[in-house]
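The chain contents come next:
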Amino acid sequence: MKVLGISPLDKDATASLVEDGKVLFAAAEERYSRRKQHAGFPHDAVAAALAATGTAAAEIDLVAYPFFDWRREVELIERGLAEEARLLDGHKLDVRPALRAAKARVPDREGEIFGLSEPNARMKKGPLKELFYAAAGASPWLSDRFARSASRAWARAAVEAHRMWNRELESSLAELGLDGKLRRYEHHLSHAANSYLTSGYDRALIVTLDGYGSGLSGSVGIGEGGDIRRLHDFHFPFSLGTYYESVTSSLGYNPTRHGGKIVGLAAYGDPRVLGEVLLSRFDRSHPGDLRMFQNLNLYFSRHLASHFPAVDVAAAYQHALEVVVAEIVAHWAGKTKTDAVVLSGGVVANVKMNQRIHEVAGIERVYVYPNMGDGGCGTGVALLESLDGRGGAPIHDAFYGPEFSEREIAEELESAGLEFARIPDLAAEVARRIHAGQVVARFDGRMEYGPRALGNRSILYHAREPHVNQWLNQRLGRTEFMPFAPVTLYEARGRCYENVAGAELAAQFMTITFDCTEWMRESCPAAVHVDGTARPQLIRREVSPGYYDIVSEYEKLSGIPCLINTSFNMHEEPIVCTPRDAIRAFVRGHLDAMAIGPFLVEGSKPPAGDPRS
Ligand SMILES: [Fe+2]
């Protein structure tokens, strides 16, 4: 049975072609349109999926879409809002005394944080705005009013969006002659399906957490023998996705794309300053449930951001998230007597939170779906349908995207006027250059599916230089508070990281952090964060031999089984898809060399004023 999974059109639209539980092709539309987190029907990705697999549209048996019809979504949104109103009716939230006490706990800081004007930087907005934020975000009566009206405004916007995407989905499928084959699914079932069915676990607790989907912000279920059974729902607007988006936006970043920057920033802050204040916004009197006070009131996070150092605000949001989610997981793991948990949904892009989940007492195994956000939802329901109750298989790799022939690559290089050579032992040559201090891009094989570059569209560098985070990010036009992530030979995981056991599969896709060993901290300072953690990609040779061999050859030269792996793209651009994209990013980034297919391309010298020149 061939199923075309279409992920939600509102952001990161993705097409997946799945047959009998096997993903034949999957790619996000952003890689083709070159618009980050592309919204709208994934026309090019669908066309690429059909072309790459030699499938005619008429051969598709079913189109799976992970949202209900907009009218049903509206009913579910209304239900959630009524529930929030009942919670707010019975609770008066006054955070002002706690905020006054928190002011006294702000530490003095010195030293530089790359990307911040100074270590205690606040988001100052001027006296008038700040007065308004204080009233609307923190005074008991007004903040309650603003929270309720924010929820209603969110609902109105969501209704309009669902109607619009509904129309676009149906008209686009009609153009393909597939409109009669559309089937809709509850959103969190799609997250549950992609994580459970690719985990290889027979029995697992399934936790999904995101911003919004089919009236919910998350769910808890149990997977057993290939079946998925729902145990509990978390109702929107009690949503950890919107919670994290609000702090991301209040600290000046793009709320839907830059959550990872807050995770990185949080490690510089002190969670004791505001952690308890944040926790007081959760109703934790119902174990295993998620209830939040005034969650959509953005003025609260604006108020914090204007009065407290950004690092402490970030640390508090991260801390409260970790505490609340760890409690939820512990509750349901205990109740179901489960030691394995699988995770999906945009919130589980939070690699530090996933580490905390792995550390929950009684949790032995953790797996995170590599495309945990909504881009993975179409794949989830397509897997579910095509397996039809049969159990899934553990994921082998996420190289589901397009690939290009040697001839196509050579033609692009020639038309760009670049000199290139076929190198007999390319892995050894790349390793030698990295060991000598060069930045080398790698483009090879099928493109990765999901948000992370996993070696086939990656930039590689050695991890010995602590300040590489600043100059390389500057050259690539990025500000990142997380250090670059390391790719590590699978066999060397114990030498580099603590407590990896049970999270090996998650770590093959860079979805979880670990505490680093002393050896790792000393040998690879560029890949270790200020809190002593790293977010590795563990690489096995059978998954990606060409990539593995580079790290392995590098280890022969240096004794270090790790390299930095960062995504091959320029500032705010999606990861490169075609050889042409790769050439453009390579030239603009002034990288030293590029291994593309079987060829090596020499780079140009960095321009004057480059941070490393
Ligand atoms: Fe979602």
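Residues numbered from 1 in each chain as written. Predicted model: local features only at pLDDT ≥ 70, side-chain atom pairs only at ≥ 80, totals over all residues.

(A) Molecular detail of the nonpolar core. Core analysis: the largest hydrophobic core is formed by 196 residues, its most contacted members being Val313, Ala314, Val341 and Met594. Of all the elements, helix 12 (residues 310-336) adds the most residues to this core, at 15 residues. Mapped onto the domain boundaries, this core takes at least three residues apiece from domain 1 (92-138 + 233-368) and domain 2 (406-602). (Core = buried A, V, L, I, M, F, W, Y, C linked by C-beta atoms within 7 Å. Buried ≥ 20, exposed ≤ 12 C-beta atoms within 10 Å, placed from the backbone. Helix = DSSP H or I, 4+ residues; strand = E, 2+ residues; numbered from the N terminus. Domains from an automatic or database assignment.)

(B) Fine view of helix 10 (residues 271-279). Residues of helix 10 that are buried include every one of Val273, Leu274, Gly275, Val277 and Leu278, and no others. In this fold, the buried residues of helix 10 make contact with helix 4 (96-103), helix 11 (298-307) and helix 12. (Contact = placed C-beta atoms within 7 Å.)

(C) Seen up close, the sheet that holds strand 1 (residues 2-6). What the 5 strands build is an open sheet, ordered 3-2-1-4-5; its pairing is mixed. Every interior strand has two partners, whereas the edge strands, strand 3 (22-28) and strand 5 (182-184), have only one. Within the sheet, the average angular offset between the axes of one strand and its neighbour, ignoring direction, is 20°. Relative to strand 2 (residues 14-19), strand 1 runs antiparallel, the two being bridged by 5 bridges. Pairing of Lys2 across the sheet is with Glu19, part of strand 2. The strands that helix 2 (residues 43-53) touches are strand 2 and strand 3; relative to strand 3, the one it contacts most, it runs at about 145°. Relative to strand 2, helix 14 (residues 377-387) is tilted by about 15°, and along the sheet it contacts strand 1, strand 2, strand 3 and strand 4 (62-65). (Pairing = 2+ DSSP bridges. Axes fitted to C-alpha atoms, helices over the stretch in contact; angles between N-to-C directions.)

(D) Seen up close, helix 5 (residues 127-138). Taking 1.5 Å of rise per residue, 12 residues should cover 16 Å, and helix 5 covers 16 Å from first to last C-alpha, within 8% of that figure. Within the sequence span of helix 5, burial applies to Tyr133, Ala134, Ala136, Gly137 and Ala138. Contacts from the buried residues of helix 5 go to helix 4, helix 6 (140-175) and helix 11. (Expected span 1.5 Å × (residues − 1).)

(E) Expanded view of the domain arrangement of the protein. Taken domain by domain, the protein comprises domain 1 (92-138 + 233-368) and domain 2 (406-602). Taking only C-alpha atoms into account, the centre of domain 1 sits 30 Å from that of domain 2. On the side of domain 2, 20 residues touch domain 1, which itself brings 20 residues to the contact. Class assignment for the residues of the side of domain 1 that touches domain 2 results in 10 nonpolar, 6 polar and 4 charged. (Nonpolar A, V, L, I, M, F, W, Y, C, P; charged D, E, K, R; others polar.)

(F) Geometry of the pairing of strand 18 (residues 562-567). Judged by how many residues are buried, strand 18 sits mostly within the fold: 6 of 6 residues are covered. Every second residue of strand 18 is oriented toward a common face, with Cys562, Ile564 and Thr566 on one face and Leu563, Asn565 and Ser567 on the other, all of them buried. The sheet contact formed by strand 13 (residues 457-461) and strand 18 spans 4 bridges and is antiparallel. Bridge assignment links Leu460 to a residue of strand 18, and that residue is Asn565. Relative to strand 18, strand 14 (residues 485-489) runs antiparallel, the two sharing 4 bridges. Bridge pairing in strand 18 links Pro486 to Ile564.

(G) Examining the pairing of strand 7 (residues 216-224) more closely. Burial analysis of strand 7 places 7 of its 9 residues in the buried class, the great majority of the element. Across 8 bridges, the pairing between strand 6 (residues 203-213) and strand 7 is antiparallel. Residue Gly213 lies in a different strand from strand 7, and its bridge partner there is Leu216. Counting the residues that bridge the hairpin from strand 6 to strand 7 gives 2 residues, and of these Ser214 lies at a positive phi of roughly 50°. Here strand 7 runs beside strand 8 (residues 227-235); their pairing, made up of 8 bridges, is antiparallel.

(H) Highlighting the packing of helix 16 (residues 426-435) against helix 21 (residues 545-558). With their axes 8 Å apart at the nearest point, helix 16 and helix 21 run at an angle of 50° to one another. Here helix 16 is positioned oblique relative to helix 21, judged by the angle of their axes. Between helix 16 and helix 21 lies a crossing of right-handed hand. Here Ala427, Ala428, Val430, Ala431, Arg432, Ile434 and His435 of helix 16 lie close against helix 21, whose contacting residues are Gly546, Asp549, Ile550, Glu553, Tyr554, Leu557 and Ser558. (Parallel < 35°, antiparallel > 145°, perpendicular 65-115°, else oblique. Left-handed = near helix turned anticlockwise from the far one by under 90°.)

(I) Layout of the sheet that holds strand 14. As summarised here, the arrangement of the 8 strands in space is 11-20-19-12-13-18-14-17, forming an open sheet in which the pairing is mixed. A strand with exactly one partner marks an edge of an open sheet, and here the two such strands are strand 11 (420-422) and strand 17 (537-539). Neighbour-to-neighbour, the strand axes of the sheet open up by a mean angle of 30°, direction not taken into account. Where strand 14 lies against strand 17, 3 bridges are found, and the strand directions are parallel. Bridge pairing in strand 17 places Val487 opposite Gln537.

(J) Quick look at the environment of Ala161. Within the secondary structure, Ala161 sits in helix 6. The partly exposed category is assigned to Ala161, around which 16 C-beta atoms lie within 10 Å. The sequence separation of Ala161 and Leu9 amounts to 152 residues, and the corresponding C-alpha distance is 9.7 Å.

(K) A look at unusual backbone geometry. Cis geometry is adopted by the peptide bond preceding Pro237, which originates at Phe236 and carries an omega value of 10°. On the secondary structure map, Pro237 appears in the loop between strand 8 and helix 8 (240-250). Of note in this structure, Arg34 is not a glycine but carries a positive phi near 65°. Tracing the chain through its elements places Arg34 in the loop between helix 1 (30-33) and helix 2. Residue Met510 is not a glycine yet carries a positive backbone phi of 60°.

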